Amino acid sequence: MLMKTAITDVRATLRALPPGSLVLTMPDLPDPMARRVALAFLEEAAAQGGGHVLPWPRGAQLLLGAAPGAAARASEALGRLIGARPATWTLPGDAAELDAWLDGLSPPAPQPTSLVALEALCAALPVEEVARLSFFAEGPDPRPVAQRLAPADLALEDPDLRAQARALLCRRVLAALTDPALRGRLPALRPGLRLLLDLPLAGLPGSRMVGGGRSGRATPIALLPLAALAEPRFPALAQDLAAAGWHTGFVSRDAEAVGLLAGGGYALAAPPPAAPPALPPSGDAPLFIALGRDIPAWCRAPGLLWEVPA
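Residues numbered from 1 in each chain as written. Predicted model: local features only at pLDDT ≥ 70, side-chain atom pairs only at ≥ 80, totals over all residues. Heavy atoms only, no water.

1. Brief notes about the overall build of the chain
Item 1. For the chain, the count of helices and strands is nine helices and 12 strands.
Item 2. For the chain, the proportion of its 310 residues judged to be buried stands at 45%.
Item 3. Partitioning the intrachain contacts of the chain with sequence separation of at least 6 by distance along the chain shows that 64% fall at a separation of at least 24. (Helix = DSSP H or I, 4+ residues; strand = E, 2+ residues; numbered from the N terminus. Buried < 20%, exposed > 50% of the residue type's maximum accessible area, 1.4 Å probe, protein only. Contact = heavy atoms within 4.5 Å.)

2. With respect to the pattern of salt bridges
Item 1. Tallied over the entire structure, the rule returns six salt bridges.
Item 2. A salt bridge links Arg132 to Glu43, with the nearest nitrogen and oxygen atoms 2.6 Å apart. Placement of Arg132 in strand β5 (residues 131-138) and of Glu43 in helix α2 (residues 32-49) is noted, with a sequence separation of 89 residues between them.
Item 3. Arg85 is the partner of Glu76 in a salt bridge, and the nearest nitrogen-oxygen pair spans 3.2 Å. (Salt bridge = Lys/Arg side-chain N within 4 Å of Asp/Glu carboxyl O.)

3. A closer look at the sheet that holds strand β9 (residues 247-251)
Item 1. In space, the eight strands of this closed barrel follow the order β5-β6-β7-β8-β9-β10-β11-β12, with mixed pairing throughout. Ignoring which end each strand starts from, the neighbouring axes of this sheet average 30° apart.
Item 2. Pairing analysis gives five bridges linking strand β8 (residues 221-225) to β9, with the strands arranged parallel. Looking at β9, one finds that Ala222 is bridged to Thr248.
Item 3. Across the face of the sheet, helix α6 (residues 159-177) comes into contact with β5, β6 (141-151), β7 (194-198), β8 and β9 while running at roughly 105° to β6. (Pairing = 2+ DSSP bridges. Axes fitted to C-alpha atoms, helices over the stretch in contact; angles between N-to-C directions.)

4. What to know about the nonpolar core
Item 1. The biggest cluster of nonpolar side chains holds 48 residues, and the ones touching the most others in it are Leu186, Leu197, Leu199, Leu224, Leu241 and Phe288.
Item 2. Beyond its immediate chain neighbours, meaning those up to four positions away, Phe288 contacts Ala255, Leu268, Ala270, Pro271, Pro272, Pro273, Leu279, Trp298, Leu304 and Leu305.
Item 3. Ranked by size, the runner-up nonpolar core spans 18 residues in total, among them Met26, Leu39, Ala70 and Leu78. (Core = buried A, V, L, I, M, F, W, Y, C linked by side-chain atoms within 4.5 Å.)

5. Some points on unusual backbone geometry
Note on backbone geometry: most residues besides glycine have negative phi, and most peptide bonds are trans.
Item 1. At the junction of Leu91 and Pro92, the peptide bond is cis and its omega measures out at 5° in the coordinates.
Item 2. You can see Pro92 is positioned in the loop between β4 (87-90) and α4 (95-103).

6. Here we look at the packing of helix α5 (residues 115-124) against α6
Item 1. Remark: α5 packs on α6, axes separated minimally by 10 Å, with the N-to-C direction vectors making an angle of 35°. In this structure, α5 crosses over α6, and the sense of that crossing is right-handed. For the pair α5 and α6, contact is made by Leu115, Leu118, Glu119, Cys122 and Ala123 and by Leu161, Gln164, Ala165, Leu168, Leu169 and Arg172, respectively.
Item 2. Looking at the contact of α5 with α6 residue by residue, the class counts come to eight nonpolar, one polar and two charged. (Left-handed = near helix turned anticlockwise from the far one by under 90°. Nonpolar A, V, L, I, M, F, W, Y, C, P; charged D, E, K, R; others polar.)

7. What to know about the pairing of strand β1 (residues 22-26)
Item 1. Burial runs high along β1: five of the five residues are buried.
Item 2. Side chains of β1 alternate between two faces, with Leu22, Leu24 and Met26 and Val23 and Thr25 buried alike.
Item 3. Of the pairings in the sheet, the one linking β1 to strand β3 (residues 61-66) comprises five bridges and is antiparallel in character. Bridging from a neighbouring strand, Thr25 pairs with Leu62 of β3.
Item 4. Across four bridges, β1 lies against β4 in antiparallel orientation. When the bridges of β4 are listed, Leu24 appears paired with Thr88.

8. As for the packing of aromatic side chains
The relation between two aromatic rings is expressed through the spacing of the ring centres and the mutual angle of the planes.
Item 1. One pass over the structure, following the stated rule, counts five aromatic pairs.
Item 2. Judged by centre distance (5.7 Å) and plane angle (85°), the ring pair of Phe250 and Tyr266 falls under edge-to-face. Of the two residues, Phe250 is situated in strand β9 and Tyr266 in the loop between α9 (258-261) and β10 (267-270); the sequence distance between them amounts to 16 residues.
Item 3. Residue classification places Phe250 among the buried positions, given a relative accessible area of 0%.
Item 4. Residue placement shows Arg190 over the ring face of Phe135; its charged tip is 3.8 Å from the ring centre.
Item 5. Here Arg300 stacks its cationic end above the ring of Trp306, 4.2 Å away from the centre of that ring. (Phe/Tyr/Trp six-rings, centres within 6.5 Å; stacked < 30°, edge-to-face > 60°. Lys NZ or Arg CZ within 6 Å of the ring centre and 35° of its normal.)

9. What to know about the pairing of β7
Item 1. Most of β7 is tucked away, with five of its five residues classed as buried.
Item 2. Here β7 shows a buried face lined by Arg194, Leu196 and Asp198 and a second buried face lined by Leu195 and Leu197.
Item 3. Note: β6 against β7, four bridges, orientation parallel. Along β7, the bridge assignment pairs Ala146 with Arg194.
Item 4. Examined bridge by bridge, β7 and β8 share three bridges and lie parallel to one another. By the bridge assignment, Leu197 is partnered in β8 with Ala222.

10. Focus: the environment of Ala290
Item 1. In this structure, Ala290 sits in strand β11 (residues 288-290).
Item 2. Distance in space between the C-alpha atoms of Ala290 and Leu305 is 6.1 Å, their sequence separation being 15 residues.
Item 3. Here Ala290 is in contact with Phe136, Ala270, Pro272, Ile295, Cys299, Leu305, Trp306 and Glu307, once residues within four sequence places are set aside.

Quick look at the structure:
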């Protein structure tokens, strides 16, 4: 689970951890690909053994409360793949040393407070950092059948700026996907997996429908912000996507939004509620895509997608 990255938040979380908890810290890695690999393995360790991952903007990465087995596997894999192992701290014995290490971290840059500042921040991000790739299984089998290419989460507190950041980064992802010189700097898509692609409010640019042309249960799914439902041009946008071979879906932070989509045949990607929502029968497109690591058992039913570790 991603948390707000502030040193005070880290220390508050550390104080709440039970004795014997492990903390893994990875120093700043200059290579963006190595940084991305490190984050993926720390997130997988958190998913397997509990804990919280805190990626520090342009710098260190922390895994708080790791289980010993998952921490050891992550450390071994990172040492083998990128030649750098995270430091391991055991609480409370190493608390003073860990405090000193935290004191050496530079605080994150202040959050943007205007659209101009946000546009500058999003434009300055390296291509390697504008997108995140996650994977999804269907039914009880945990093997991935789908992959989602989404904009990076800048963890902005202002909801309007958060929506604007999503749109700005979605456009950068689309530009990179259609540019052979930049596409290789995005997370590598796995062949054979269904594509879930986050889109800005305007949809895909012009007629350049990246990844379309597949049919049936391999049909790619375009994930729009939920605000697109209120747009007068949404019916035309959905028709254009369908004509180009895409299913239409939405992404939301609130699973209750599924009620807005009932009967429309649209997918919803959201954190799952504890109890299953009322869903009409699904066809080739899943009607619910469960996001996050805390996945209730009902999400593992046929016809639903649920997020799995990379």
